[in-house]
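Observations on the model geometry
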Amino acid sequence: SVRAALERVDFDALLARLTGRPPRELLASLHEDGFARTFGIDGGNNLLCLLETAVLDWLGRRLEAGGRDLLPPGPAEERAARRLPVSQVLDLSLDTEEFLATRGPFHFVKIKASYDVEHDARTVRTLRDKLGDDVPVMVDANMSWTPANAVGHARRLREAGVDYVEEPLPKGSWEALRTLRRDGGVRVMLDESVCTAQDARTAVESGACGEAGQSDRFCPRMIVATPPAVGRDTNTLRPAGGTGWGMDLAGHAERWAVRDL
């Protein structure tokens, strides 16, 4: 669907807007109005993210600025302190009120499921009432559901305000996961089911899950050079040096390049 949307983009118009203003002025407009308004492009988040990533890299190279310098302006100490947000996990060792009081601020909340879906639904509802609609909430069912009860459980949690369920069914339940996604009304994230690249391909081909990251594991021959420095011991990403995003198209990927600006 993203490829189809990309093929409908008027790249001549996008290029005209990109080159019709000084790069510094264009970057200021992005900070003020966002990508969609600045470039007059309608589309889903995946399409806009794809295009904005390319545009920011282009601007960074022309302004001789690195990725951090492309952020909106602010106090120097605030810019230096910026970090990628991480999730918080509510397990069975904490009650919901203590979790809310001691573990914030919240960017993404993962709930370890109990064996009582009504208890989990109440937890989701309490979090949603306190955190509002902008913080994603996920329940990790840890393979504890069955094909017979999964859709009902998912619908109950969806009513309470959940966004995702993680690994709800026994490992590798591809057909049942596809049914759950179709009928349960929630997005599915996989964990134990995806241990190899073939597992990932099978999951996607079966319609058993949404998309996820870890491209360094599943795509060892990446299309950019130097590839991102992912630290799997700390689950962190070290920013690349240089201008823009600090990466170039790898030699083996040149055949996919369409236009070099």
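Residues numbered from 1 in each chain as written. Predicted model: local features only at pLDDT ≥ 70, side-chain atom pairs only at ≥ 80, totals over all residues. Heavy atoms only, no water.

Turning to the environment of Ala36, a few remarks are in order. If you trace the backbone, Ala36 turns up in helix α3 (residues 23-39). With residues near it in sequence (within four places) discarded, Ala36 still touches Ile41 and Leu48. (Helix = DSSP H or I, 4+ residues; strand = E, 2+ residues; numbered from the N terminus. Contact = heavy atoms within 4.5 Å.)

Moving on, we come to the pattern of salt bridges. Taken as a whole and assessed by the stated rule, the structure comprises 13 salt bridges. Of the charged contacts in the structure, one is a salt bridge between Asp57 and Arg61, with a shortest N-O distance of 2.9 Å. A residue pair is termed a helical-turn pair when its members lie 3 or 4 positions apart in one helix, as Asp57 and Arg61 do in helix α4 (residues 45-63) at 4 residues. With relative accessibility at 29%, the residue Arg61 sits in the partly exposed group. A salt bridge links Glu159 to Arg156, with the nearest nitrogen and oxygen atoms 3.6 Å apart. Highlighted residues: Glu159 and Arg156, both in helix α8 (residues 150-160), separated by 3 residues, approximately one helical turn. Judged by relative accessible area, Glu159 falls into the exposed class, the value being 58%. (Salt bridge = Lys/Arg side-chain N within 4 Å of Asp/Glu carboxyl O. Buried < 20%, exposed > 50% of the residue type's maximum accessible area, 1.4 Å probe, protein only.)

This part is about the nonpolar core. One broad rule of soluble globular proteins: the nonpolar side chains tend to lie buried together. Formed by 34 residues in total, the largest nonpolar core has its most connected members in Val124, Trp145 and Leu157. Looking at which element gives the most residues to this core, the answer is α8, with 5 residues. Filtering out sequence-adjacent residues up to four positions away, Leu157 remains in contact with Val117, Asp120, Ala121, Val124, Val139, Trp145, Val162 and Val165. Counting 20 residues, the second-largest nonpolar core is a separate cluster that includes Leu14, Ile41, Trp58 and Leu70. (Core = buried A, V, L, I, M, F, W, Y, C linked by side-chain atoms within 4.5 Å.)

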